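# Summary of the model geometry
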Amino acid sequence: MPDPIFDDPRLAAIYDLFDGPRGDLDNYLHIARELRARTVLDVGCGTGSFALRLASLKVVVTGVDPAAASLNVARAKPGASQVTWLHADATTLPPMRIELAVMTGNVAQVFLTDAAWHDALTGLRHALVLGGHLVFETRNLEHRAWEKWASDPMIESIDIDGVGLVTQRRVVTDVALPFVSFRHTYTFPDGTEIPSDSTLRFRDPDEIAASLDAARFTLVERRDAPDRPGAEHVYIAQRDSAS
Ligand SMILES: C[S@@+](CC[C@H](N)C(=O)[O-])C[C@H]1O[C@@H](n2cnc3c(N)ncnc32)[C@H](O)[C@@H]1O
């Protein structure tokens, strides 16, 4: 079940504004070009920020997300008709043969159990053509991002057209590694407060490598995210066998 921040219609509608500029996505456009991908599956596409940028470059894009509210935001954006939107997740995909599957925005960290992560990887492997690639990012465990989050409640207010002044606060609610939990609370002009609780799993590079191997992917490369060096790792894996 996706967190309210993605699946509550009032929160999904304002997600992009609080998320801010998405310079992080340039790297994925670059990788898609590098891999010469003509068909891309954006897994956990959320409000469609990456899928829409890619589709504008004439790539055939499918965006999939289990959060209906985020998909509705994506579907209402300019250019949305160029993308196929699916309300699903990696384990419930229809048959497809795509060249590149991508998880931007640390989607890989929402899979809390080994089984959920393995099932997602297996679903993506089946969606890929032979030789197809899977590219995803995950925060570097050693960077200990949660310590910065705990010291910075990230209180931000934005005056939103048609909504008014909305305030976002973030608090870390639990650190029980490899799990880190936090709560975003949004206060709307009518006084309504909507909380959204999230838990992410931090996996180290050895765990990621082993999980890719177990799902029969070949790990091609691990890179630093160019826009967040030291903080984020980008993994490039390949489906290189038919079985
Ligand atoms: C931080 S957002 C990133 C959204 C988008 N990739 C981006 O970069 O803007 C995480 C996304 O993962 C989605 N998500 C949650 N559980 C998921 C699952 N089991 N499979 C795929 N996506 C999932 C959420 O609904 C949300 O849209």
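Please read all numbers here as calculations on a predicted model, not as lab measurements.

### Quick look at the overall build of the protein
When helices and strands are tallied, the protein shows nine helices and eleven strands. Here the C-alpha atoms of the protein give a radius of gyration of 18 Å, agreeing with the 18 Å that 2.2 N^0.38 yields for 243 residues. In terms of principal-axis extent, the alpha carbons of the protein reach across some 55 × 40 × 30 Å. Relative to its 243 residues, the protein shows a buried fraction of 36%. Partitioning the intrachain contacts of the protein with sequence separation of at least 6 by distance along the chain shows that 62% fall at a separation of at least 24.

### Description of the domain arrangement of the protein
Segmentation of the protein into domains returns domain 1 (4–142 + 203–238) and domain 2 (143–200). Computed from C-alpha atoms alone, the centre-to-centre distance between domain 1 and domain 2 is 23 Å. At the interface, 17 residues of domain 1 touch 18 residues of domain 2. Elements supplying a minimum of two residues to the side of domain 1 that touches domain 2: α1 (4–7), α2 (9–12) and α3 (15–19). Taken together, the residues of the side of domain 1 that touches domain 2 sort by class into nine nonpolar, three polar and five charged.

### Digging into the sheet that holds strand β9 (residues 193–201)
On the basis of which strands lie adjacent, the open sheet formed by four strands has the order β6-β7-β8-β9 and antiparallel pairing. Whereas interior strands pair on both sides, the edge strands pair on one side only; in this sheet they are β6 (156–160) and β9. Mean inter-strand twist for the sheet, computed between neighbouring axes without regard to direction, equals 25 degrees. Across five bridges, the pairing between β6 and strand β7 (residues 164–176) is antiparallel. Within β7, the position partnered with Asp159 by the bridge is Leu165.

### Considerations on the environment of Ser241
With respect to the helices and strands, the residue Ser241 is situated in the segment after β11 (232–238). Since 11 C-beta atoms lie within 10 Å of it, Ser241 is described here as exposed. The sequence separation of Ser241 and Thr218 amounts to 23 residues, and the corresponding C-alpha distance is 9.2 Å.

### Things to note about unusual backbone geometry
Residue Pro178 follows Leu177 across a cis peptide bond; omega there is 15 degrees. By the secondary structure assignment, Pro178 is in the loop between β7 and β8 (179–187). Look at Lys58: it is not a glycine, yet its phi comes out positive at around 70 degrees. With respect to the element layout, Lys58 can be found in the loop between α5 (49–55) and β2 (60–65). Although it is not a glycine, Met154 adopts a positive phi angle of roughly 50 degrees. If you trace the backbone, Met154 turns up in the loop between α8 (145–151) and β6. Here Met154 falls in the partly exposed class, since 13 other C-beta atoms lie within 10 Å of it.

### Some points on the packing of helix α7 (residues 114–127) against helix α9 (residues 205–214)
Relative to each other, α7 and α9 sit at 50 degrees, their axes nearing to 9 Å. By the angle class used here, α7 and α9 are oblique. Considering how the two elements wind past one another, α7 and α9 form a crossing that is right-handed. In this structure, α7 uses Trp117, His118 and Leu121 to contact α9, whose residues at the interface are Ser211, Leu212 and Ala214.

### Digging into helix α4 (residues 26–34)
Looking only at α4, the buried set comprises Asn27, Tyr28 and Ala32. The arc that holds every buried residue of α4, seen down its axis, measures 140 degrees, which confines them to one face. Turned more than 90 degrees away from the buried face of α4 sit Asp26, His30, Arg33 and Glu34, all of them exposed. The inward-facing, buried residues of α4 contact β1 (39–43), α5, β4 (98–103), β5 (128–139) and β11. Of the residues trailing α4, Arg36 is marked for its positive phi of about 55 degrees.

### A few points about the nonpolar core
Soluble globular proteins tend to pack their nonpolar side chains together in the buried interior. Counting 53 residues, the largest nonpolar core has Val40, Val43, Ala51, Ala101, Val102 and Leu124 as its most contacted members. Every residue in contact with Val102, bar those within four places of it in the chain, is listed here: Tyr28, Val40, Asp42, Val43, Phe50, Val135 and Phe136.

Analysis parameters
Residues numbered from 1 in each chain as written. Predicted model: local features only at pLDDT ≥ 70, side-chain atom pairs only at ≥ 80, totals over all residues. Helix = DSSP H or I, 4+ residues; strand = E, 2+ residues; numbered from the N terminus. Rg over C-alpha atoms; globule rule 2.2 N^0.38 Å. Buried ≥ 20, exposed ≤ 12 C-beta atoms within 10 Å, placed from the backbone. Contact = placed C-beta atoms within 7 Å. Domains from an automatic or database assignment. Nonpolar A, V, L, I, M, F, W, Y, C, P; charged D, E, K, R; others polar. Pairing = 2+ DSSP bridges. Axes fitted to C-alpha atoms, helices over the stretch in contact; angles between N-to-C directions. Parallel < 35°, antiparallel > 145°, perpendicular 65-115°, else oblique. Left-handed = near helix turned anticlockwise from the far one by under 90°. Arc of directions from axis to C-beta. Core = buried A, V, L, I, M, F, W, Y, C linked by C-beta atoms within 7 Å.

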